[in-house]
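# Coordinate inspection notes
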Amino acid sequence: MEFAAVARFGLLLVRPGALMLVGPGLGGQQFPMQVRVALTVLLALVLAPGVTIPSGPSVGIVGVVLREIAIGLSLGLAARAVIAGAELAGHICSQQIGFSYAATIDPEGGARNTALASLYGLLATFTWLAIGGHHLLIRALDASYTGLPIGG
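Residues numbered from 1 in each chain as written. Predicted model: local features only at pLDDT ≥ 70, side-chain atom pairs only at ≥ 80, totals over all residues. Heavy atoms only, no water.

### Some words on the overall build of the protein chain
Rules: Helix and strand assignments come from DSSP, with helices taken as H or I runs of at least 4 residues and strands as E runs of at least 2, each series counted from the N terminus. Relative accessibility thresholds used throughout: buried, under 20% of the residue-type maximum; exposed, over 50%; partly exposed, between the two (1.4 Å probe, protein chains only). Any pair of residues with heavy atoms lying within 4.5 Å of one another is described as a contacting pair. Only the protein chains shown count as covering a residue, and every accessible area follows the Shrake-Rupley method with a 1.4 Å probe.
For the protein chain, the count of helices and strands is five helices and two strands. Out of the 152 residues belonging to the protein chain, those deemed buried represent 34%. For the protein chain, the proportion of contacts with a sequence separation of at least 24, taken over those separated by at least 6, is 74%. Accessible surface for the protein chain amounts to roughly 8,600 Å². Of this, 71% is attributable to carbon and sulfur atoms.

So this is what it looks like as structure tokens:
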């Protein structure tokens, strides 16, 4: 196996890896790192036939990798904002009814979270998965390679 092919596949892994880092439902703190890495590799293998990867990027490999990370993080954080909005609504409701005193540590985010904020966040995540939001996120990732090609 030649190094150039491995390097091109490594470039293909960056964008889905950044998406799995912050995306709701697919990645996150609740999944072990091995599962997230396996999902990233599987997603990259599925997307590989439709993605054109340049053989020699003109702007330098560091610039291309940083751009891929930024695109993947922006896709994941845009979807994660919906879940964060539901958790914020839970925090506000908890504050209003006096449940904020009994804040616990949230295993997903590692931050102090009230019971209602955790409940609202979980309900938003379940709703996200039930309506197929994770499929839409994967389609958006695939479409991002058309609109923003690697090294383009």
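Moving on, there is more to tell.
### Thoughts on the packing of aromatic side chains
Test applied: To pair, rings of Phe, Tyr and Trp, with the six-membered ring standing in for Trp, must have centres within 6.5 Å; the planes then decide the type, stacked if under 30 degrees apart, edge-to-face if over 60, and tilted in the middle. Put simply, a charge is over a ring when the Lys NZ or the Arg CZ is close to the ring centre, within 6 Å, and near the line of the ring normal, within 35 degrees.
Following the criterion strictly, the structure yields zero aromatic pairs and no others. A cation over a ring is seen here: Arg-15 above Tyr-145, with NZ or CZ 4.2 Å from the ring centre.

### Some points on the confidence of the model for the protein chain
Detailed reading of the predicted coordinates is not advisable wherever pLDDT falls low. Worth spelling out the cut-off: pLDDT expresses how confident the predictor is about each individual residue, on a scale running from 0 to 100.
Confidence in the prediction of the protein chain, expressed as mean pLDDT, is 84, and 86% of residues score 70 or more. The element-level mean pLDDT for the protein chain is lowest in strand E1 (residues 104-105), coming to 62, with helix H5 (residues 133-147) highest at 91.

### Observations regarding the nonpolar core
Nonpolar side chains in soluble globular proteins tend to be buried together. Stated precisely, the cut-off is as follows: Here, the term nonpolar core denotes a set of buried Ala, Val, Leu, Ile, Met, Phe, Trp, Tyr and Cys residues that are joined through side-chain atoms within 4.5 Å.
Ranked by size, the top nonpolar core spans 21 residues in total, and within it Leu-12, Leu-47, Val-51, Leu-137, Leu-141, Tyr-145 and Ile-150 carry the most contacts. Elements with a contribution of two residues or more to this core: helix H1 (3-22), helix H2 (33-47), helix H3 (61-97), helix H4 (115-130) and H5. No other element matches the six residues that H3 contributes to this core.

### Some remarks on H4
The test is simple: Under the convention used throughout, the expected extent of a helix is 1.5 Å for every residue step, that is, one less than its residue count.
A rise of 1.5 Å per residue sets the reference length of H4, with its 16 residues, at 22 Å; its end C-alpha atoms lie 22 Å apart and thus fit the reference within 8%. Along H4, the residues that are buried comprise Leu-116, Ala-117, Gly-121, Ala-124, Thr-125 and Trp-128. Directly beyond the C-terminal end of H4, a positive phi value near 80° is found at Gly-132.

### Some points on the side chain of Ser-144
To be explicit about the condition: Pairs of N or O atoms are called polar contacts if they sit within 3.5 Å, as long as, within protein, a hydrogen donor faces a hydrogen acceptor (for residues adjacent in sequence, only side-chain-to-side-chain pairs).
Mapped onto the secondary structure, Ser-144 falls in helix H5. At 2.8 Å, the side chain of Ser-144 forms a polar contact with the side chain of Arg-15.

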